[in-house]
Amino acid sequence: MNTAKPPPPSSTSSPFPILQTRTPLHWVSPLPSSTIITTFTSKPPRQFVVLVQGTADHTNPTSVSFTTTTTATTPHHSLNQTLLTLLRQRKTEEAWLTYVQCTQLPSPTCLSRLVSQLSYQNTHQALTRAQSIIQRLRNERQLHRLDANSLGLLAVSAAKAGHTLYAASLIKSMLRSGYLPHVKAWSAVVSRLAASGDDGPLEALKLFTDATFVADSRPDTAAYNAVLNACANLGDTKRFLQVFEEMTHLGAEPDVLTYNVMIKLCARVDRKDLLVFVLERILDKGIQLCMTTLHSLVAAYVGFGDLETAEKLVQAMREGRQDLCKILRDLNSENPGNNEGYIFDKLLPNSVERNNSEPPLLPKAYAPDSRIYTTLMKGYMKEGRVTDTVRMLEAMRHQDDSTSHPDHVTYTTVVSALVKAGSMDRARQVLAEMTRIGVPANRITYNILLKGYCEQLQIDKAKELVREMVDDAGIVPDVVSYNTLIDGCILVDDSAGALAYFNEMRARGIAPTKISYTTLMKAFALSGQPKLAIKVFDEMLRDPRVRVDLVAWNMLVEAHCRLGLVEEAKKTVQRMRENGFYPNVATYGSLANGIALARKPGEALLLWNEVKERCVVKVEGENSKSSPPPLKPDEGLLDTLADICVRAAFFRKALEIVACMEENGIPPNKTKYTRIYVEMHSRMFTSKHASKARQDRRSERKRAAEAFKFWLGLPNSYYGSEWRLEPIDGDDHASDSV
């Protein structure tokens, strides 16, 4: 077997330095079947050299040990040579067309270069083509032909395009195969995961740990900032401190972005008193301040609902003052919180000596820009202060500084405020004004208007707006646009229209999100078509781009329960548990409604026992990894269960439920229960011909009925002992009178 020669230097620059693997290319363990990029399988380990995008000429088929020898006269060799020449000339389109004509796989050099150049284009078409190469190599079990640079570039490109799960699975596959991805590749994916919803921040922490341990890679400041952002989004102060200390220990100096993330952490864990000390820490360490820091501060105070402090901060910036730290200290002079105090003492040591130090001055004055004004406007919008929002827009128009003039984000905020207030006509006027003054509306602006029309059940106007969006503004609807339209169709009971929009979205090549699937499932659930809801759910399971979450499972349960199909709903709940999801209040609420519809009060007793056990865990704190999380029942669930029990004359259980309602601060509807009792049970236990044995059997039920009447305030028998929910030993008799 010939050994590979090291590639000569290349004039073509690579985004990443030369990377090499530590082990022969084979997988240590298989990946889960749900992963998009499956294992890099190869026949018994073969030595190889990892190539770099744009490096040397490796047309010699014997330069890599796992290629088969091919003579220079074969058509395949000719296509391979042509492909390599085109790639060297950066003619990616022609190279792709040549690749499509290849009936056999090109050389590893050509494949790696082609994937790299396609990934580097950062377009939807190029990314789709690169992914098709990955798919072909996977099907032929030849993924080991690609080098680390090409895979890293593809991961970065996929992450930028929003295909975060695909990018993450690709990096994980590289790590498991022994590849050493560049820090910029895996940190870009960590950054996207940290900012995504659901389990994204947790997955970011896991990937960071794998990349630094498996790949033995030293993260830079940007990589640390990405994982710190994940910790901040989770509100995990302990892990934040651990990463922060590791960062400084390994020589990755915190920058201004690091402390901007720390502002987010303080806001997330309700430490408003520490925001000013983050700003002071930046100044004390001599880090160059940026407008993003001041914007983060304004956004934090707006998030706390402290518009007074946000307004005074913005006003001080308008006046050109440099003593912002003193102003913020004076406005937030209340006693500091005790939440994770020791952690923040280490993160912000300057906050410990807050009373013995003078607040530093800013190196210069910073005038507020449109972003800061817009953030303050969002605070007004959240509080329903539409007039103040519009007044702020007018004030921004007359600012002398052009950086303070309203932009498309500002106008979109005003549109959102008007839509939230139900003023659709005024919102359309703002849209028309944007067109008139040359501030083009973006897709977000139109999506907000779409949502407003759909919420007001004006579907025809929503459709007209979509046509205007495409024809006049040249903006193509995205997945949010279609999700909004699908939800609008549901509001007007148009499940066929919802399905039509879903199919149109996929026909346009727009990948559905989990919101798309669950919204369509909701359409079929509300229209009484559980079988179609199941089909949508099954398709969601097969879609590797989305993860089935608890909302999707609950929608499937709801689809069955709306028709009273309790057994099918219970089977779905069992499947849900097997997949690692515990029922929540919404799950139990759907089951309760299904039981009421099916008139199966016995099932209600079983359901109540399960709910009660979950509530006991909450009270006693007996929670472990193997037990379900504690449950806090809501009014809808408990009221439905109580209603079923009262109608079925399960008064003992009804009293347990109303006691639970009172413990959770939920006022029971005594008027409704009184009406049910009078209409259905007022003549209960009035028979004078019942045998003694029958009277004995029903004594406990009668006792419970008398106690329930007492709770309702209805006339009831006198009983001397205190009523208890549990049986009293030796109490075998009770009064038979009503």
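Everything discussed here concerns the structure shown above.
Residues numbered from 1 in each chain as written. Predicted model: local features only at pLDDT ≥ 70, side-chain atom pairs only at ≥ 80, totals over all residues. Heavy atoms only, no water.

A. Examining the overall build of the protein more closely. Scanning the protein from N- to C-terminus turns up 35 helices and 0 strands. The contacts of the protein with a sequence gap of at least 6 include a subset with a gap of at least 24, amounting to 67%. For the protein, the accessible area works out to roughly 35800 Å², and carbon and sulfur atoms hold 51% of it. (Helix = DSSP H or I, 4+ residues; strand = E, 2+ residues; numbered from the N terminus. Contact = heavy atoms within 4.5 Å. Areas by Shrake-Rupley, 256 points an atom, 1.4 Å probe, with all protein chains shown as cover.)

B. Spatial organisation of unusual backbone geometry. Its identity is not glycine, yet leucine 457 carries a phi of approximately 65°, on the positive side. Relative to the helices and strands, leucine 457 resides in the loop between helix H21 (443-455) and helix H22 (459-471). Taking the relative accessible area as the measure of exposure, leucine 457 reaches 48% and is therefore partly exposed. Of note, the phi angle at aspartate 493 is positive, near 60°, even though the residue is not glycine. Position of aspartate 493 among the secondary structure elements: in the loop between helix H23 (479-491) and helix H24 (495-507). Under the relative-accessibility criterion, aspartate 493 is labelled exposed at 70%. (Buried < 20%, exposed > 50% of the residue type's maximum accessible area, 1.4 Å probe, protein only.)

C. Just the nonpolar core, in detail. Membership of the largest hydrophobic core comes to 206 residues, with the highest contact counts inside it found for Ile133, Ile171, Val189, Leu347, Tyr673 and Phe708. When residues of this core are assigned to their parent elements, the largest contribution, 8 residues, is made by helix H9 (residues 221-234). Apart from the residues lying within four places of it in its own chain, the contact partners of isoleucine 171 are Ala155, Pro181, Ala185, Trp186, Val189 and Leu207. (Core = buried A, V, L, I, M, F, W, Y, C linked by side-chain atoms within 4.5 Å.)

D. Spotlight on helix H4 (residues 124-139). Between its terminal C-alpha atoms H4 stretches 22 Å, which fits the 22 Å expected from 16 residues at 1.5 Å a residue. Burial in H4 covers these residues: Ala126, Leu127, Arg129, Ala130, Gln131, Ile133, Ile134, Arg136 and Leu137. Against helix H2 (92-101), helix H3 (108-121), helix H5 (148-160) and helix H6 (164-177) lie the buried residues of H4. Directly after H4, the chain includes arginine 141, whose backbone phi takes a positive value near 55°. (Expected span 1.5 Å × (residues − 1).)

E. Up close: H3. A rise of 1.5 Å per residue sets the reference length of H3, with its 14 residues, at 20 Å; its end C-alpha atoms lie 20 Å apart and thus fit the reference within 8%. Here H3 lies mainly inside the structure; 12 of its 14 residues are buried. Residues of H3 that are buried: Pro108, Thr109, Cys110, Leu111, Ser112, Arg113, Leu114, Val115, Ser116, Gln117, Leu118 and Ser119. Note on H3: the residue one or two positions beyond its end, asparagine 122, has a positive phi of about 55°.

F. Representation of a nonpolar patch on the surface within the structure. A cluster of nonpolar residues, Leu457, Leu491 and Val492, forms a patch on the protein surface that exposes about 240 Å² of accessible area. By secondary structure assignment, the location of leucine 491 is in helix H23. Overall, the relative accessible area of 41% leaves leucine 491 in the partly exposed class. (Patch = residues over 30% accessible without salt bridge, like charges linked within 9 Å, V, L, I, M, F, W, Y side chains within 5 Å. Salt bridge = Lys/Arg side-chain N within 4 Å of Asp/Glu carboxyl O.)

G. Fine view of the environment of aspartate 273. Position of aspartate 273 among the secondary structure elements: in the loop between helix H11 (256-268) and helix H12 (275-284). Since its relative accessible area comes to 6%, aspartate 273 is described here as buried. Between the alpha carbons of aspartate 273 and leucine 328 there is a distance of 9.1 Å; along the sequence they are 55 residues apart. Separated by 3.1 Å, the side chains of aspartate 273 and arginine 271 make a polar contact. (Polar contact = N/O pair within 3.5 Å; in protein donor to acceptor, adjacent residues only side chain to side chain.)

H. Region of the structure containing a positive patch on the surface. A surface patch of like charges, here positive, comprises Arg371, Lys378, Lys382 and Lys420. In terms of residues, the positive patch owes the most to one element, helix H17 (residues 370-382), which gives 3 residues. (Lys, Arg positive; Asp, Glu negative; His and termini not counted. Charge placed at Lys NZ, Arg CZ, Asp CG, Glu CD.)

I. Representation of the packing of aromatic side chains in the model. The tally for this structure, following the rule as stated, stands at 12 aromatic pairs. Linked through ring pairs, Phe651, Tyr673, Tyr677, Phe708 and Trp711 together constitute an aromatic cluster. Above the ring of tryptophan 711, the side-chain terminus of lysine 670 is found at 4.8 Å from the ring centroid. (Phe/Tyr/Trp six-rings, centres within 6.5 Å; stacked < 30°, edge-to-face > 60°. Lys NZ or Arg CZ within 6 Å of the ring centre and 35° of its normal.)

J. Seen up close, the pattern of salt bridges. Enumeration according to the criterion identifies 30 salt bridges in this entry. The salt bridge partner of glutamate 610 is arginine 577, with a shortest N-O separation of 2.3 Å. Separated by 33 residues along the polypeptide, glutamate 610 in helix H30 (residues 601-620) and arginine 577 in helix H28 (residues 566-578) bring together distant segments of the chain. Lysine 672 is paired through a salt bridge with aspartate 643; the nearest N and O atoms lie 3.4 Å apart. With a gap of 29 residues between them, lysine 672 in helix H33 (residues 670-681) and aspartate 643 in helix H31 (residues 635-647) connect regions that are remote in the sequence. An identical accessibility class is assigned to lysine 672 and aspartate 643; each is buried.

K. Here's a closer look at the packing of helix H27 (residues 550-561) against H28. Two elements in contact, H27 and H28, have axes whose closest approach is 8 Å; the angle formed by their N-to-C orientations is 165°. Here H27 is positioned roughly antiparallel relative to H28, judged by the angle of their axes. You can see that H27 and H28 cross each other, and the crossing is right-handed. Counting all contacts with H27, which are made through Leu550, Trp553, Asn554, Leu556, Val557, His560 and Cys561, the residues of H28 involved are Glu568, Ala569, Thr572, Val573, Arg575 and Met576. Its residues assigned to classes, the contact of H27 with H28 shows 8 nonpolar, 3 polar and 2 charged. (Axes fitted to C-alpha atoms, helices over the stretch in contact; angles between N-to-C directions. Parallel < 35°, antiparallel > 145°, perpendicular 65-115°, else oblique. Left-handed = near helix turned anticlockwise from the far one by under 90°. Nonpolar A, V, L, I, M, F, W, Y, C, P; charged D, E, K, R; others polar.)

No statement about biological role is implied by the geometric values presented.
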